[in-house]
Amino acid sequence: MKKFYLIRHAQSESNAGLMVRPNHQIALTELGRHQAVKLSDWLYQHIATPDGVFVSSYVRTHQTAYPYLDKIGMTPTQMDELREFNYLDYEHIKGLTFAQITDMADKFWAKADSEYADSPATDNFADLVARVKVVRDEFGRLPDGDYVVFTHGMWLGMLMWQLMHGDSPRVFDMKKFREFELSVRPKNCEVFVFTMDETYCGISKLRVRTGE
């Protein structure tokens, strides 16, 4: 059996309403760094010798993972496919207010076009669907064991969405996904266990207190 402890990164600058840099460079806040330390204590208590640790290519997952990696003396495997859905070009939103950015995001989702991208530098919805499927397949090929994965909120929502609908065309329904994702979006440092074996594949949430 394989168990993947899936973790949304600690509080980031964007979570705090600070749109100060491109998505992949967004860092943790002071609260986020505190959360990451508390999370590392919990992880070390429950998974002191993981069979592997994965991070996305975005800074905030590396920063969240660092205190835990420091405790266990491991180097993570970076998987770009674990990164967050980057659907608004930073060049289009820099200097805007949070309300203005939210309005742009709402308009993106209202298009409900899985092939539409804000710019050549950003993802379309079909990209997110494909990336999560790639990770599912790669995880399925790993040997049995316990793995720790630092990723992002919307990425986790898409994983849950795919577990609900499989690989049917329903996974491309952007409006339904958006409603679902907003209803289940993990809190910062929230931990989910994704279990896989030959007969079962499912996900459940754990109670971990890291401070708000």
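The preceding data block contains the structure.
Residues numbered from 1 in each chain as written. Predicted model: local features only at pLDDT ≥ 70, side-chain atom pairs only at ≥ 80, totals over all residues. Heavy atoms only, no water.

Trainee: Even after reading the chapter, I still don't get helix α2 (residues 59–72), so can you show me in this structure?
Mentor: For an α-helix the count is 3.6 residues per turn, leaving residues at separations of three or four pointing the same way. Between the first and last C-alpha of α2 there are 20 Å, a value that for 14 residues agrees with the 20 Å anticipated at 1.5 Å per step. At Tyr-66, α2 is deflected by roughly 40°, the largest bend along its length, and proline Pro-67 occurs up to four residues later in sequence. Residues Arg-60, Thr-61, Thr-64, Ala-65, Pro-67, Tyr-68, Leu-69 and Ile-72 constitute the buried set of α2. Lining the buried residues of α2 we find α1 (30–46), β2 (52–55) and β4 (145–151). Of the residues flanking the end of α2, it is Gly-73, one or two places downstream, whose phi is positive at about 65°. (Helix = DSSP H or I, 4+ residues; strand = E, 2+ residues; numbered from the N terminus. Expected span 1.5 Å × (residues − 1). Bend = angle between axes of the 7 residues up to and from the residue. Buried < 20%, exposed > 50% of the residue type's maximum accessible area, 1.4 Å probe, protein only. Contact = heavy atoms within 4.5 Å.)

Trainee: Before we go on, may I ask you to explain the packing of aromatic side chains in this structure?
Mentor: The geometry of an aromatic ring pair is captured by two quantities: the separation of the ring centres and the angle between the planes. Across all of its chains, the model carries 19 aromatic pairs by this definition. Pairing Phe-108 with Tyr-116 gives two aromatic rings, centres 5.8 Å apart and planes at 50°, and the pair type is tilted. Aromatic side chains Trp-161 and Phe-180 sit 5.3 Å apart centroid to centroid with 40° between the ring planes, which places their arrangement in the tilted category. Of this pair, Trp-161 sits in helix α6 (residues 153–165) while Phe-180 sits in helix α7 (residues 174–184), and the two are 19 residues apart along the sequence. Assigned by exposure class, Trp-161 and Phe-180 land together as buried. The ring of Tyr-116 has Lys-111 lying over it, and the distance from NZ or CZ to the ring centre is 4.8 Å. (Phe/Tyr/Trp six-rings, centres within 6.5 Å; stacked < 30°, edge-to-face > 60°. Lys NZ or Arg CZ within 6 Å of the ring centre and 35° of its normal.)

Trainee: For this particular structure, what's the right way to read the environment of Thr-61?
Mentor: With respect to the helices and strands, Thr-61 occurs in helix α2. Look at Thr-61 and you get buried, because its relative accessible area is 0%. The sequence separation of Thr-61 and Arg-170 amounts to 109 residues, and the corresponding C-alpha distance is 29 Å. Here Thr-61 is in contact with His-9, Val-55, Ser-56, Phe-150, Thr-151 and His-152, once residues within four sequence places are set aside. Engagement of the side chain of Thr-61 in a polar contact is seen with the side chain of Ser-56, the distance being 3.0 Å. (Polar contact = N/O pair within 3.5 Å; in protein donor to acceptor, adjacent residues only side chain to side chain.)

Trainee: How should the packing of helix α4 (residues 98–111) against α7 be read in this particular structure?
Mentor: Packed helices, taken two at a time, are described by the angle between their axes plus the distance between the axes. In the contact formed by α4 and α7, the axes pass within 8 Å of each other and the chain directions differ by 135°. Between α4 and α7, the interaxial angle falls into the category oblique. Contact residues: α4 offers Phe-108, Trp-109 and Ala-110, while α7 offers Met-174, Lys-175, Phe-177 and Arg-178. Residues of the contact of α4 with α7, tallied by class, amount to 5 nonpolar, no polar and 2 charged. (Axes fitted to C-alpha atoms, helices over the stretch in contact; angles between N-to-C directions. Parallel < 35°, antiparallel > 145°, perpendicular 65-115°, else oblique. Nonpolar A, V, L, I, M, F, W, Y, C, P; charged D, E, K, R; others polar.)

Trainee: In this structure, what is going on with the pairing of β4? I would like to understand it.
Mentor: The side chains of a regular strand alternate, residue by residue, between the two faces of the sheet. Counting buried residues in β4 gives 6 out of 7 residues, a clear majority hidden from the surface. When strand β1 (residues 2–8) meets β4, the two strands line up parallel, connected through 7 bridges. Bridge pairing links Lys-2 to Gly-145 in β4. Pairing of β2 with β4, which is carried by 4 bridges, proceeds in the parallel orientation. Bridge pairing in β4 links Val-53 to Val-148. (Pairing = 2+ DSSP bridges.)

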